[in-house]
Amino acid sequence: VLRLGLRPLETLSAKVASIDARHLPAELGMRAVPAELAPVVACLDDLLVRMRSSIERERRVTANIAHELQTPVAELRTVTDVALQWPDDLDYLRRGAAATNEIARRMEIVTAKVLELASVESRISASAFAPTDVAELLREVTNAVRPRGVIRSIQLTEDIPGTAVTATDAVALRVVLANLAQN
């Protein structure tokens, strides 16, 4: 009788032990359980829903981070490919070194932003709004994507005002502008 009474607990234990983070079930699928186990099964089903949500959010964030770093890595490749193609062009090598330094600085900012987001995951964080010259950001983004356009025979022109200051998160705005320019 005792063995028969504990069978639902053994079944629950086996189901929980078989859970894999790569293939989380939507629920345990245990409908006919004793009344004493029903709250435990309901809590575990709720936990599975939250875990699935967290894992999906993590996958989206990982994909977004990869996408955000793809542009500066492509810029670095472009600058170095051109430098390797014309190694005697000292003027380009100097400009390329400056461009590489600027790209690395932007990647460092994006990385710092990712670390900041990771550190505030459990609490709500206000964005870092500060006066930002959008025109200057546009010029920087345009200059960064121009070499890729030249390689693809695309001429990039711009009509940017001298200044256009607004309160915004400069890192997030740069990411948006870079995505637009790359596309």
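Overview of the structure.

Criteria and cut-off values
Residues numbered from 1 in each chain as written. Predicted model: local features only at pLDDT ≥ 70, side-chain atom pairs only at ≥ 80, totals over all residues. Heavy atoms only, no water. Helix = DSSP H or I, 4+ residues; strand = E, 2+ residues; numbered from the N terminus. Rg over C-alpha atoms; globule rule 2.2 N^0.38 Å. Contact = heavy atoms within 4.5 Å. Salt bridge = Lys/Arg side-chain N within 4 Å of Asp/Glu carboxyl O. Buried < 20%, exposed > 50% of the residue type's maximum accessible area, 1.4 Å probe, protein only. Core = buried A, V, L, I, M, F, W, Y, C linked by side-chain atoms within 4.5 Å. Axes fitted to C-alpha atoms, helices over the stretch in contact; angles between N-to-C directions. Parallel < 35°, antiparallel > 145°, perpendicular 65-115°, else oblique. Left-handed = near helix turned anticlockwise from the far one by under 90°. Nonpolar A, V, L, I, M, F, W, Y, C, P; charged D, E, K, R; others polar.

1. Re the overall build of the protein
Across its full length, the protein carries five helices and two strands. When the helices and strands of the protein are read in sequence order from the N terminus, they spell out α-α-α-β-α-β-α. What you see for the protein is a C-alpha radius of gyration of 26 Å, clearly larger than the 16 Å of a compact globule of 183 residues, by over 25%. Referenced to the eigenvectors of the C-alpha coordinate spread, the extents of the protein come out at roughly 90 × 40 × 25 Å. The contacts in the protein between residues at least 6 apart in sequence include a share of 68% that link residues at least 24 apart.

2. Some words on the pattern of salt bridges
Taken as a whole, this structure holds eight salt bridges when the rule is applied. Taking the shortest distance from any N to any O, the salt bridge between Arg-22 and Asp-20 comes out at 3.0 Å. Exposure remark for Asp-20: the relative accessible area of 27% places this residue in the partly exposed category. For Arg-139, the salt bridge identified is with Glu-136, shortest N-O distance 3.5 Å. Of this pair, Arg-139 and Glu-136 both sit in helix H4 (residues 134-151), three residues apart, which is roughly one turn of that helix.

3. Digging into the nonpolar core
Of all hydrophobic cores here, the largest spans nine residues; its members are Leu-12, Leu-24, Leu-28, Met-30, Val-33, Leu-37, Val-41, Leu-48 and Ile-55. For this core, the leading source of residues is helix H2 (residues 38-85), giving three residues. Not counting chain neighbours up to four residues away, the residues in contact with Ile-55 comprise Ala-21 and Leu-24. Ranked by size, the runner-up nonpolar core spans six residues in total, among them Val-79, Tyr-92, Ile-103 and Met-107.

4. Here we look at the packing of H4 against helix H5 (residues 170-182)
Two measures define how a pair of helices packs: the angle their axes make with one another and the distance between the axes. At a minimum axis distance of 10 Å, the contact between H4 and H5 shows a crossing angle of 40°. As summarised for this structure, H4 and H5 are arranged oblique, according to the angle between their axes. The element H4 and its partner H5 pack so that their crossing is right-handed. On H5, the residues touching Val-134, Leu-137, Leu-138, Glu-140, Val-141, Val-145 and Arg-148 of H4 are Ala-170, Leu-173, Arg-174, Leu-177, Ala-178, Ala-181 and Gln-182. Partitioning the contact of H4 with H5 into residue classes produces 10 nonpolar, one polar and three charged.

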